[in-house]
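# An overview of the molecular structure
Here is what each chain is made of, one letter per residue.
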Amino acid sequence: AQRVTQPEKLLSVFKGAPVELKCNYSYSGSPELFWYVQYSRQRLQLLLRHISRESIKGFTADLNKGETSFHLKKPFAQEEDSAMYYCALRGGSGGYQKVTFGIGTKLQVIP
Amino acid sequence: DAGVTQSPTHLIKTRGQHVTLRCSPISGHKSVSWYQQVLGQGPQFIFQYYEKEERGRGNFPDRFSARQFPNYSSELNVNALLLGDSALYLCASSLGSGRSYEQYFGPGTRLTVT
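Residues numbered from 1 in each chain as written. Chains lettered and ligands numbered in written order. Predicted model: local features only at pLDDT ≥ 70, side-chain atom pairs only at ≥ 80, totals over all residues. Heavy atoms only, no water.

### Points about the overall build of chain A
Convention followed: A run of DSSP states H or I qualifies as a helix once it reaches four residues; a run of E qualifies as a strand once it reaches two. Both are numbered from the N-terminal end. Computation of the radius of gyration draws on C-alpha atoms alone. For the globule rule, the value is 2.2 Å times the number of residues to the power 0.38.
Secondary structure summary: chain A contains zero helices and 11 strands in total. Starting at the N terminus and walking to the C terminus, you meet the elements of chain A as β-β-β-β-β-β-β-β-β-β-β. A globule of 111 residues ought to have a C-alpha radius of gyration of about 13 Å, and chain A, at 14 Å, matches this closely. For the C-alpha atoms alone, the extent of chain A along its principal axes is close to 45 × 30 × 25 Å.

Rendered as structure tokens:
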């Protein structure tokens, strides 16, 4: 079974402080990991995924297979980063896929 | 392109009734996935369809079914509604199925079961 754990439902940080949103997963095969973001009154949208290894809006995430983690980080939080963040895992074989989301972490950046 | 569209936006049903939710993918996208998001939880995967075939199924009872049409739009059907089916139902489309294809989400349909 595949599982995604986001231990914090709410994370409050001051503007300019570093941010780390935690995500741990459980999956026996080779997963694909994602971070999605939902800003207030907007649709859920992809922020980044591990295979692209890029930085989006200053956020990065590294897949650590040893610790089964995919934490999202940003060195300096900005007010516009306030949103819901969901970690997700896609697994399966061939064309048969299943996607599992975590419960989500609400990031609140305090001015 | 307006992106993924879903209809209706909201609806209220009574326990035991049946409901059909609709999704139109982004033009050119051939895969549609459905998710249920209960308040305070992350989206839960229900189905994925690609080229009108089921390519993924989550842990939902047989009361939930879906289909994809030749124009790649999709319907999600839920029979014998329960109070616990009250949720936001999200549709997402992607160019293809399998790894590496980015999903684009619709605004969702808010279903309330009374």
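### Thoughts on the nonpolar core
Inclusion rule: By nonpolar core we mean a set of buried residues, namely Ala, Val, Leu, Ile, Met, Phe, Trp, Tyr and Cys, connected to one another through side-chain atoms within 4.5 Å. Buried, partly exposed and exposed residues are distinguished by accessible area as a fraction of the type maximum, computed with a 1.4 Å probe on protein chains only: under 20%, between the cut-offs, and over 50%, respectively. By the convention used here, residues are in contact when the closest approach between their heavy atoms is within 4.5 Å.
Trp35(A), Leu47(A), Leu48(A), Phe70(A), Leu72(A) and Tyr85(A) are the most contacted members of the largest nonpolar core, which has 24 residues in total. Looking at this core element by element, the count peaks at four residues for strand 9 (residues 83-93) of chain A. Each residue touching Leu47(A), except ones within four places of it in the same chain, is listed here: Trp35(A), Tyr36(A), Val37(A), Ile56(A), Phe59(A), Leu72(A) and Tyr85(A). By size, the runner-up hydrophobic cluster in this structure holds 22 residues, among which are Trp34(B), Phe60(B), Ala66(B) and Leu111(B).

### Regarding the state of the cysteines
All names here are of chain A. Let me state the cut-off plainly: A pair of cysteine sulfur atoms is labelled a disulfide when the two atoms are within 2.5 Å.
Applying the stated criterion across every chain yields a total of two disulfides over all chains. What pairs with Cys23 in a disulfide is Cys87, and their sulfur atoms sit 2.0 Å apart. What sets the handedness of the Cys23 and Cys87 disulfide is the S-S torsion sign, and at about -65° it is left-handed. Of this pair, Cys23 sits in the loop between strand 3 (19-21) and strand 4 (24-26) while Cys87 sits in strand 9, and the two are 64 residues apart along the sequence. Take Cys87: its relative accessible area is 0%, and that puts it in the buried class.

### Quick look at the interface of chain B and chain A
What counts, and what does not: Values labelled buried area give the accessible surface lost by two parts on being combined, using a 1.4 Å probe and summing over both. Here, a salt bridge means any Lys or Arg side-chain nitrogen found within 4 Å of an Asp or Glu carboxyl oxygen. Two N or O atoms count as a polar contact when they lie within 3.5 Å, although within protein this holds only if one can serve as hydrogen donor and the other as acceptor, and sequence-adjacent residues are included solely when both atoms are side-chain atoms. Think of it as three bins: nonpolar holds Ala, Val, Leu, Ile, Met, Phe, Trp, Tyr, Cys and Pro, charged holds Asp, Glu, Lys and Arg, and polar takes everything else, Gly as well.
Contacts between the two partners involve 27 residues from chain B, matched on the other side by 20 residues from chain A. Both faces considered, chain B and chain A share a buried interface measuring about 2,000 Å² in area, 45% of it formed by carbon and sulfur atoms. Summed over the three residues of chain B that lose the most area to chain A, namely Pro43(B), Arg99(B) and Phe105(B), the buried surface amounts to 28% of that side. Where chain B touches chain A, the interface holds zero salt bridges. At the junction of chain B with chain A, the criterion picks out four residue pairs in polar contact (both at pLDDT 80 or more). Top contributing element to the side of chain B that touches chain A by residue count: strand 6 (residues 53-57) of chain B, with four residues. Its residues assigned to classes, the side of chain B that touches chain A comprises eight nonpolar, 14 polar and five charged.

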